Amino acid sequence: MDFERLNSDIKEMRRRNRSLGLAVGVLASGHVVALLVILNLIGTVRTVVVPPTIDKTFWVSRDKASGEYLEQMGGFMAWLVLDVTPSSIDWKKNILLGYVEPDQYGALKTRQEVEAERLKRINASTMFMPQQLVPSEDKQSVVVRGRLRTLVNGFETANDLKAYLIEFSFNGARMHLKTFKEVPNAS
């Protein structure tokens, strides 16, 4: 047996073990640093909720939005529902359904599909010109008053003052359309 060769092999193995131990130590400390970073990020998630266009400053808390935000979203929802042509109603319906509360999705989808079929059948268009938006922060709703103009085959058939109640709800830091219905136009 060659003791000199045996000693050099043992020294080589110890040197490898030291370098492997050092590598394990570096990896372990990397895991600890990553864990600390992850723990610091927990609870600091920031959700930015933005209406389609921003005209005014607004605030949004966990379950409520400011009147300015309600006005902007109400105007947008009124545009999606009331300002339609036979060629645009399907596109606007699909955008609208992305904002609808899950409980109301089926009913609103059916209502919009029936309305789309009716508009296409009689070749009608509606144009809504909002004149007043009245938000309610307590109820998370907005009443939109304006003039609804209806054209059938290019001829005006109606031009009436209308009012619509638009109610919103919050779910998962996102605003959803809860109700969209016509209400009596009492100024």
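As a starting point, this report considers the structure included with it.

Procedures and definitions
- Residues numbered from 1 in each chain as written.
- Predicted model: local features only at pLDDT ≥ 70, side-chain atom pairs only at ≥ 80, totals over all residues.
- Heavy atoms only, no water.
- Pairing = 2+ DSSP bridges.
- Helix = DSSP H or I, 4+ residues; strand = E, 2+ residues; numbered from the N terminus.
- Axes fitted to C-alpha atoms, helices over the stretch in contact; angles between N-to-C directions.
- Contact = heavy atoms within 4.5 Å.
- Salt bridge = Lys/Arg side-chain N within 4 Å of Asp/Glu carboxyl O.
- Buried < 20%, exposed > 50% of the residue type's maximum accessible area, 1.4 Å probe, protein only.

1. A short note on the pairing of strand E1 (residues 124-136)
Strand direction decides the pairing type here: E1 and strand E2 (residues 141-152), joined by 12 bridges, are antiparallel. Bridging across to E2, Thr 126 finds its partner in Thr 150.

2. Some points on the sheet that holds strand E3 (residues 155-171)
Here we have 4 strands laid out as an open sheet, ordered E1-E2-E3-E4, and antiparallel in their pairing. The open sheet is flanked by E1 and strand E4 (174-183), the only strands paired with a single partner. In this sheet, adjacent strand axes meet at a mean angle of 30° when their direction is disregarded. Its contacts with the sheet put helix H4 (residues 105-122) on E1, E2 and E4, and the angle it makes with E1 is roughly 140°.

3. Comments concerning unusual backbone geometry
You will see that Asn 123, though not glycine, has its phi angle at about 55°, which is positive. Its place among the elements puts Asn 123 in the loop between H4 and E1.

4. Quick word on the pattern of salt bridges
Across all of its chains, the model carries 7 salt bridges by this definition. When the shortest N-O distance is used, the salt bridge between Lys 120 and Asp 90 registers 2.4 Å. Remark: Asp 90 occurs in helix H3 (residues 89-97) and Lys 120 occurs in helix H4; sequence separation between them is 30 residues. What makes Lys 120 partly exposed here is its relative accessible area of 37%. Here Asp 90 falls in the partly exposed class, since its relative accessible area comes to 28%. Residues joined by salt bridges that share partners form a network here, namely Glu 12, Arg 15 and Arg 16.

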